[in-house]
Amino acid sequence: MVTTTSSWKTTKSEEIFTAAQKLMPGGVSSPVRAFKSVGGQPIVFDQVKGAYIWDVDGNQYIDYVGTWGPAICGHAHPEVIVALHDALGKGTSFGAPSALENVLAQKVIDAVPSIEMVRFVNSGTEACMGVLRLMRAFTGRDKIIKFEGCYHGHADMFLVKAGSGVATLGLPDSPGVPKSTTRDTLTAPYNDIEAVKALFKDNPDTIAGVILEPVVGNSGFIPPDTGFLEGLREITKEYGALLMFDEVMTGFRIAYGGAQEKFGVTPDLTTLGKVIGGGLPVGAYGGREDIMSMVAPAGPMYQAGTLSGNPLAMTAGIETLKLLEKPGTYEQLDKITKKLTDGLLQVAKETGQTVSTGQISAMFGMFFTGETVHNYEDAKKSDLTKFQSFHRGMLERGIYLAPSQFEAGFTSLAHTEEDIDRTLAAAKEVMSSL
Ligand SMILES: *Cc1c(COP(=O)(O)O)cnc(C)c1O
């Protein structure tokens, strides 16, 4: 049963979150969870299953965050849970080679066009740190180009115009990041190939490569304009630089082989995370064999990890990919998500709201702006006050959306047509009252 506004009580959530604020900065382990940009207190989770969340007060919600991406098969999928139980009996960490790593590595290599060899790490942040060092090691160049509003984890070098988490908190840069570590980070607006060309022209021999979200999720959902990815592929080749797709969010989400499969543009290197861990902490970077052969101990570029390749994490990843590789998966995800975004657009029309929506497979977005969003500057023109009221109204009606206008939304194989209908009915009530 989805709760109604009258029965929605969050007393226990409030108690726990109030206590948490004395124990942990902002009461959370990661900033956006604190609901700063939508106001009000966050709900405290008790349990997740399929497309649903239950909070500590017993309220049920339809979930469109999916633990920020990993839950693409639905939370706590029975096949993943059973496999994890079996793996648990053999121990929680090896710190030595295991056959499970081969299985997941082979699956990743078979799926993702650019990946011939892969290194497992524990988070998307770690994957991006590793791949950047590799890009610099391989080219012998220090500069990189990133795009405004793209997020590549919280390492110093990337905390320049870094999208959602940072945007939400109004910290364009973070204190504590030395100028020397971002000096070599050049930025351009997303979808602006001319700006990239100008940067290469000014720095012809010093740019190691271009790094981007091939479909942006960290300043809301922003797809690449026609020709943008192709343009980046051409210009990086021309200047002897590398192209790196950060598919931590899009990998195994917008297609089994990620954005590179969907758009038919193959980068030199790729980072993964979120979905490949199936809800446990996993990240990975991979790419051309000649480049990956530079990574220690095959080559001189150092990077290591105590828990990397962890047997439980590998197991959750393997089982998740097994579910995703079945025929029809991405058609189902696309269909359900399109029903949602088409429905939201329709509801907005009926209630006189101006929104723009977008969706590819199981990833979607909705901005409170009438214009098509091509980059972070466009995204920032959305009506944030309206988003705030919309978010709260939906939460009260049992719909859990990402607590920021600058985050993409996620669906899963567990979301049903009925879940979408319920979501749209709630959206109609809320949008009528905005
Ligand atoms: C989430 C995300 C990261 C960071 O991953 P963590 O596991 O949170 O460290 C990096 N890049 C992109 C595109 C992401 O969406």
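See the structure shown above.
All figures in this text were calculated on a predicted structure; none of them were measured in a lab.

Analysis parameters
Residues numbered from 1 in each chain as written. Predicted model: local features only at pLDDT ≥ 70, side-chain atom pairs only at ≥ 80, totals over all residues. Heavy atoms only, no water. Helix = DSSP H or I, 4+ residues; strand = E, 2+ residues; numbered from the N terminus. Expected span 1.5 Å × (residues − 1). Buried < 20%, exposed > 50% of the residue type's maximum accessible area, 1.4 Å probe, protein only. Arc of directions from axis to C-beta. Contact = heavy atoms within 4.5 Å. Near = heavy atom within 4 Å. Polar contact = N/O pair within 3.5 Å; in protein donor to acceptor, adjacent residues only side chain to side chain. Nonpolar A, V, L, I, M, F, W, Y, C, P; charged D, E, K, R; others polar. Salt bridge = Lys/Arg side-chain N within 4 Å of Asp/Glu carboxyl O. Pairing = 2+ DSSP bridges. Axes fitted to C-alpha atoms, helices over the stretch in contact; angles between N-to-C directions. Core = buried A, V, L, I, M, F, W, Y, C linked by side-chain atoms within 4.5 Å.

Draft legend 1. A look at unusual backbone geometry. Cis geometry is found at the peptide bond from Ala 296 to Pro 297, where omega equals 5°. Mapped onto the fold, Pro 297 is located in the loop between α10 (289-292) and α11 (311-324). Here Trp 68, not a glycine, exhibits a phi torsion of approximately 70°, which is positive. Among the structural elements, Trp 68 can be located in the loop between β3 (60-63) and α2 (78-88).

Draft legend 2. Spotlight on helix α1 (residues 11-23). Along its 13 residues, α1 runs 19 Å from first to last C-alpha, staying within 8% of the 18 Å computed at 1.5 Å per residue. Among the residues of α1, those classed as buried are Ser 13, Phe 17 and Ala 20. For α1, the angular spread of buried residues about the axis comes to 55°, placing them on one side. Exposed residues pointing more than 90 degrees away from the buried face of α1 are listed as Glu 15 and Lys 22. Residues of α1 that are buried in the fold lie against β2 (52-55).

Draft legend 3. Quick look at the site of the ligand. Every residue near the ligand is listed here: Ser 123, Gly 124, Thr 125, Tyr 151, His 152, Gly 153, Glu 213, Asn 218, Asp 246, Val 248, Met 249 and Lys 274. Taking Gly 124, its main chain carries an N or O atom lying 2.8 Å from an oxygen atom of the ligand. Within the contact set of the ligand, an oxygen atom lies 2.6 Å away from a side-chain nitrogen or oxygen of Lys 274. Per-class residue counts for the shell around the ligand are three nonpolar, six polar and three charged.

Draft legend 4. Representation of the pattern of salt bridges within the structure. Enumeration according to the criterion identifies 16 salt bridges in this entry. With a closest N to O distance of 3.1 Å, Lys 107 and Glu 325 form a salt bridge. In this pair, Lys 107 is assigned in helix α3 (residues 99-111) and Glu 325 in the loop between α11 and α12 (329-351), connecting sequence segments 218 residues apart. For Lys 107, a relative accessible area of 15% corresponds to the buried category. Taking the relative accessible area as the measure of exposure, Glu 325 reaches 41% and is therefore partly exposed.

Draft legend 5. Seen up close, the sheet that holds strand β7 (residues 207-212). Here seven strands make up an open sheet; going across it, the order is β4-β10-β9-β8-β7-β5-β6 and the pairing mixed. Looking at which strands have only one partner, the edges of the open sheet turn out to be β4 (117-121) and β6 (185-188). Neighbour-to-neighbour, the strand axes of this sheet turn through a mean angle of 20°, independent of strand direction. Of the strand pairs in this sheet, strand β5 (residues 143-147) and β7 are connected by three bridges, and their pairing is parallel. Note on β7: the bridge partner recorded for Ile 145 is Val 210. Lying over the sheet, α3 contacts β4 and β9 (269-272), oriented at roughly 125° with respect to β4.

Draft legend 6. The arrangement of the pairing of strand β1 (residues 45-49) in detail. Where β1 and β2 come together, four bridges link them in antiparallel fashion. Residue pairing in the sheet places Gln 47 in a bridge with Trp 54 of β2. With antiparallel pairing between neighbouring strands as the criterion, β1 and β2 make up a hairpin whose turn holds two residues, including Gly 50 at a positive phi of roughly 60°.

Draft legend 7. Structural context of the nonpolar core. In terms of nonpolar packing, the biggest core is built from 32 residues, with Tyr 64, Phe 390, Met 394 and Tyr 400 touching the most fellow members. Elements that contribute at least two residues to this core include exactly β3, α12, β12 (363-367), α14 (384-396), β13 (399-400) and α15 (417-433). Among the elements that line this core, the one with the most residues is α15, at six residues. Setting aside residues up to four positions removed in sequence, Met 394 forms contacts with Ile 399, Leu 401, Thr 423, Ala 426, Ala 427 and Val 430.

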